[in-house]
Protein chains: 2
Amino acid sequence: MASNPNLSSLGEFGFISRISAATRPGAGVVTGIGDDAAVTALTPGMQLLTSTDMLLENVHFRCSWHDPYRLGRKSLAVSISDIAAMGGIPRWCLLSLGIPKDAALGFMDDFTRGFLDMAAEHNVSLIGGDTCRSGNGLVISVTIMGEQVPKRIIRRTGARPGDEIWVTGTLGDAALGLRLLEEGKLKDGFGQFITRLLDPTPRTEVGQFLAESGLVTSMIDISDGLLADFGHIAEQSGVGGQLNLAALPISSAFRAISEGFSQFPYHLALSGGEDYELAFTASPNNNEKITSLMKNSGIDATPVGIVSSLPGVTVLCPDGSSYIPPTPGFNHF
Amino acid sequence: MASNPNLSSLGEFGFISRISAATRPGAGVVTGIGDDAAVTALTPGMQLLTSTDMLLENVHFRCSWHDPYRLGRKSLAVSISDIAAMGGIPRWCLLSLGIPKDAALGFMDDFTRGFLDMAAEHNVSLIGGDTCRSGNGLVISVTIMGEQVPKRIIRRTGARPGDEIWVTGTLGDAALGLRLLEEGKLKDGFGQFITRLLDPTPRTEVGQFLAESGLVTSMIDISDGLLADFGHIAEQSGVGGQLNLAALPISSAFRAISEGFSQFPYHLALSGGEDYELAFTASPNNNEKITSLMKNSGIDATPVGIVSSLPGVTVLCPDGSSYIPPTPGFNHF
């Protein structure tokens, strides 16, 4: 009856039907939304990859910064990125939403549209979820499922002393975008930083290329910043490493804007987080093969350091001194 | 240093390590907690079953009612129940937590212990998750994964006119427990209702027995009340049904306490929800086989109605009139 219906008038099952109607049948989906559990069929010979992420309003995102469409996209992108980091093929996802009572249906429709567009771009099918009312802000929980043949799966545990440390794309743009938003500097020309923050692109294809190449010894996605995330590889591989500050891939836009800073903001590139690029390690003997592979993939990758047998991660400054970052990473508590 | 550490002093990774250390290796787990994604191997020939549930403080639970140990148990039990409702074998789970800044470590440890005890009782392995700070109350999101051979999976869509409608166990005890808590009537002798509400038992074994029997045409778990949940079977099977009020399985304790009510509280058994029993349909020709099967399983099951070809679900009163329930179910918005 209402010309501008809200979620209360639509009801829980009405909202689920709306989402369900917007989903498309996908590969391996036997039973999607609508039963007690979804039923899917893995490709024979493959193992299952699963990961989950929780995003809370005013902790992970602010509705004043994040438009609902891009929030929907990012909610799934950060999970797809975890499958990419294993070299996996993303397949299916589950979406749970705790929705504030006063949420506008238009907001939730835009969110859903963004989520499903991101899903379609990466051949991911939404197969289930949960919806409920939230007393305090929007609550988003996403589970992603992917698959890969066992010998192609790349873990954090395989880095070897002497391996080169690589990263895809450029670092620090998203962290700079966050700083610009925090400082209210939403000028023209800053769009690419804001986009890197609000609408990251998971490196699914590159992750699979690297997995299929058999050249990569360990991999992780950079969500907390290269320093912290390579730190996870180092710890879990029982090694250490040295990152070379001068080698970090920095976008030309980042370099240009940084001229206004008293010090070059390396810490944004090292520890800012939310890059959703891939960091990986490989034998230096495979440097040329990887360079050629990445050229074909259309995504840049840059060697930024060397794995060492000594534990701990150090950062070498251009003048030969050791860099001490202002913060060692991000502690969610 | 602190004798009573809180989560802030432990940190996110410290808390995850604590949980990780308490988990045990499980069947099919190739890589558990600690990488970008978990890796698991399905049993060859089986399909994957997945479901997810979100539980929010002061929406789904109150910390003044739910002690952390039983809250942990229930958080997983409601998801395991979804696998049981498909006739599936629960295998692996993911746990995401949004934790208030002032949450005591002891509370979260008790929660985790309850969660992992429930997991162990149903041979479920915790293989991953996410933790973050919550600005407003505890946020819990659980994803469950299970498996079953394709022809054994039981959906909501298979009910046929003439089938009998069955339910396991007794109905209404949990809803009565909720009413007692709401009215502050926490007397001795009410424990079993409170237990049904706070510590439900998913019907995993019964669900698998029924799946393996090949006798069941549709199945669902009763979370929103039999009336609403059988309504889902009816709608998704393109049928209707008549429930017989006098046939509903009511515990003797429920019957005894109901003497204090002016009307017998059938609505608690029909629409109260949170029973986590199974409702299923089967040909009346299989009545004896199912009775015998259930006897062997140690769980009661009761025929409570008949599937009809006409759409809609009606409820027959003992005097032959039609029952009009006070509420048609629970709308989460």
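Keep in mind it's a predicted model, so treat the numbers as computed, not measured. (Residues numbered from 1 in each chain as written. Chains lettered and ligands numbered in written order. Predicted model: local features only at pLDDT ≥ 70, side-chain atom pairs only at ≥ 80, totals over all residues. Heavy atoms only, no water.)

Chemist: I tried to follow the relation of the copies chain B and chain A on my own but got confused; where do I start?
Modeler: Rotating chain B by 180 degrees and translating it 0.0 Å along the rotation axis places it on chain A, where the RMSD comes to 0.0 Å. These values place the two chain copies in the arrangement generated by a two-fold rotation axis. Nearest to the rotation axis, the C-alpha of B:Asn136 is located 3.1 Å from it, this being the minimum over chain B. Both copies present the same face, since 100% of the interface residues in chain B are matched by interface residues at the equivalent positions in chain A. (Least-squares fit on C-alpha atoms with pLDDT ≥ 70 in both. Contact = heavy atoms within 4.5 Å.)

Chemist: Please explain the nonpolar core as it appears in this structure.
Modeler: Where a protein is soluble and globular, its nonpolar side chains tend to be buried together. All names here are of chain B. Leu-226, Leu-243, Leu-245, Leu-248 and Leu-270 are the most contacted members of the largest nonpolar core, which totals 39 residues. Mapped onto this core, the elements with two or more residues apiece are β7 (164-168), α5 (173-182), α6 (191-198), α8 (226-237), α9 (252-257), α10 (266-271) and β11 (301-308). Here Leu-248 is in contact with Leu-171, Leu-226, Arg-255, Tyr-266, Ala-269, Leu-270 and Val-304, once residues within four sequence places are set aside. (Core = buried A, V, L, I, M, F, W, Y, C linked by side-chain atoms within 4.5 Å. Buried < 20%, exposed > 50% of the residue type's maximum accessible area, 1.4 Å probe, protein only. Helix = DSSP H or I, 4+ residues; strand = E, 2+ residues; numbered from the N terminus.)

Chemist: For this particular structure, what's the right way to read the interface of chain B and chain A?
Modeler: A common way to report how large an interface is uses the accessible area buried once the components associate. Facing the 64 residues of chain B at the interface are 64 residues of chain A. Across the chain B to chain A interface the summed buried area is about 5100 Å²; carbon plus sulfur atoms make up 58%. Linking chain B with chain A are four salt bridges. Here A:Arg156 makes a salt bridge to B:Asp35, at a shortest N to O gap of 3.5 Å. At the junction of chain B and chain A, the tally comes to 22 residue pairs in polar contact (both at pLDDT 80 or more). The leading source of residues in the side of chain B that touches chain A is strand β3 (residues 47-56) of chain B, at nine residues. Split by residue class, the side of chain B that touches chain A holds 30 nonpolar, 23 polar and 11 charged. Examined bridge by bridge, strand β2 (residues 38-40) of chain A and β3(B) share three bridges and lie antiparallel to one another. Across the sheet, residue A:Thr40 finds its bridge partner in β3(B), namely B:Leu48. (Buried area = accessible area lost by both parts, 1.4 Å probe. Salt bridge = Lys/Arg side-chain N within 4 Å of Asp/Glu carboxyl O. Polar contact = N/O pair within 3.5 Å; in protein donor to acceptor, adjacent residues only side chain to side chain. Nonpolar A, V, L, I, M, F, W, Y, C, P; charged D, E, K, R; others polar. Pairing = 2+ DSSP bridges.)

Chemist: Whenever I open this one, the domain arrangement of chain A confuses me. Can you help?
Modeler: All names here are of chain A. Considered domain by domain, chain A is made up of domain 1 (7-151) and domain 2 (154-316). Averaged C-alpha coordinates put domain 1 and domain 2 at centres separated by 26 Å. Listed per partner, the contact involves 21 residues of domain 1 and 22 residues of domain 2. Around 1900 Å² of area is buried between domain 1 and domain 2 when both sides are counted, 58% of it from carbon and sulfur atoms. By the criterion of area lost to domain 2, the three top residues of domain 1 are Trp-65, Arg-70 and Lys-74, representing 31% of everything that side buries. Remark: the boundary between domain 1 and domain 2 carries two salt bridges. The residue Asp-199 makes a salt bridge to Arg-73 at a minimum N-O spacing of 2.8 Å. Here domain 1 is connected to domain 2 by seven residue pairs in polar contact (both at pLDDT 80 or more). Mapped by element, the contributors of at least two residues to the side of domain 1 that touches domain 2 are α3 (68-84) and β4 (89-100). Broken down by element, the residue count for the side of domain 1 that touches domain 2 peaks at nine residues, all from α3. (Domains from an automatic or database assignment.)

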